[in-house]
Amino acid sequence: MRPAPRLRPARPDEADTVAAIAEAAFGPYAAAIGRRPAPMLADFAAQISAGQLRVLEAESVALGYIVFYEQDSALFVEALALRPDAQGAGHGRRLMEAAEAEARARALPAVALYTNARMTTALAFYPALGYRVVSERREDGFDRIYFEKRLPAD
């Protein structure tokens, strides 16, 4: 039996690994969006340095990552990405559950995020986890759909 993947803070030497995961996860959307998706343009070294980036790993292999931080009285998920060969195994759900647990630990009432309007997989994924659309905007040349999930008070 394989050990369960674990989520841990990213190390400073993992910026290139994270960039490769972002490239593999978001690259297929570039044609539909008309340019490289925003998560591919991130400064991963800065996110790691700020303590915002967590890596999901199994057997010392990075499967994916999540970036989150406090913003406007919520935990804001900046990005979530999985290697294509790690998708469909419940890892995305596990990453979002970790974000929700972090929000609760920080006594924040909600988790918020956005996705690109062309990322059809994400548009189905987040509502299945209980997230609701709160707004749609055009920002930085991207059509974004904002989601939020209110967390029950303990």
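Student: What's the story with the overall build of the chain in this structure? I'm lost.
Tutor: Per the secondary structure count, the chain includes five helices and seven strands. Helices and strands in the chain line up, N terminus first, as β-α-α-α-β-β-β-α-β-α-β-β. Relative to its length of 154 residues, the chain is compact, with a C-alpha radius of gyration of 15 Å against a globular reference of 15 Å. Each of the 154 residues in the chain was classed as buried or not, and the buried ones make up 45%. Long-range pairs, those at least 24 residues apart, make up 60% of the contacts in the chain with a sequence separation of at least 6. Total accessible area computed for the chain in this model is approximately 8100 Å², and 50% of it derives from carbon and sulfur atoms.

Student: Could you clarify how one ought to interpret the pattern of salt bridges in this entry?
Tutor: Side-chain pairing between opposite charges can occur once the charged atoms of the two side chains come close. Inspection of the entire model under this criterion finds 16 salt bridges. A salt bridge links R11 to D13, with the nearest nitrogen and oxygen atoms 3.4 Å apart. The partly exposed category is assigned to R11, whose relative accessible area is 41%. Since its relative accessible area comes to 59%, D13 is described here as exposed. One salt bridge in this structure joins E70 and R106, with 3.5 Å as the shortest N-O distance. Separated by 36 residues along the polypeptide, E70 in strand 3 (residues 61-71) and R106 in the loop between helix 4 (91-105) and strand 5 (110-116) bring together distant segments of the chain. E70 gets classed as partly exposed once you look at its relative accessible area, which sits at 47%. Taken together, the shared-partner salt bridges connect R6, R8, R11, D13, E14 and E57 into one network.

Student: I keep staring at the sheet that holds strand 3 and nothing clicks. Help me out?
Tutor: Across a sheet, strands are paired by hydrogen bonds formed along the backbone, either parallel or antiparallel in direction. Taken together, the seven strands give an open sheet; going across it, the order is 1-2-3-4-5-7-6, and neighbouring strands pair in mixed fashion. Unpaired on one side and paired on the other, strand 1 (6-9) and strand 6 (132-139) mark the two borders of the sheet. Recorded for the sheet is a direction-independent mean angle of 30° between the axes of neighbouring strands. As defined by bridge partners, strand 3 adjoins strand 4 (residues 74-82) across eight bridges and the pair is classed as antiparallel.

Student: In this structure, what is going on with the packing of aromatic side chains? I would like to understand it.
Tutor: How two aromatic rings sit relative to each other is set out by the distance from centre to centre and by the angle between their planes. All chains considered together, the criterion is met by seven aromatic pairs. Judged by centre distance (5.3 Å) and plane angle (50°), the rings of Y114 and Y146 are tilted. Taken together, the residues span a long stretch of sequence, with Y114 in strand 5 and Y146 in strand 7 (residues 142-150) at a distance of 32 residues. Both residues of the pair, Y114 and Y146, belong to the buried class. A cation sits over an aromatic face here: R35 above F142, 3.9 Å from the ring centre. Positioned over the ring face of Y146 is R137, at 3.8 Å from the centre of the ring.

The rules we used
- Residues numbered from 1 in each chain as written.
- Predicted model: local features only at pLDDT ≥ 70, side-chain atom pairs only at ≥ 80, totals over all residues.
- Heavy atoms only, no water.
- Helix = DSSP H or I, 4+ residues; strand = E, 2+ residues; numbered from the N terminus.
- Rg over C-alpha atoms; globule rule 2.2 N^0.38 Å.
- Buried < 20%, exposed > 50% of the residue type's maximum accessible area, 1.4 Å probe, protein only.
- Contact = heavy atoms within 4.5 Å.
- Areas by Shrake-Rupley, 256 points an atom, 1.4 Å probe, with all protein chains shown as cover.
- Salt bridge = Lys/Arg side-chain N within 4 Å of Asp/Glu carboxyl O.
- Pairing = 2+ DSSP bridges.
- Axes fitted to C-alpha atoms, helices over the stretch in contact; angles between N-to-C directions.
- Phe/Tyr/Trp six-rings, centres within 6.5 Å; stacked < 30°, edge-to-face > 60°.
- Lys NZ or Arg CZ within 6 Å of the ring centre and 35° of its normal.

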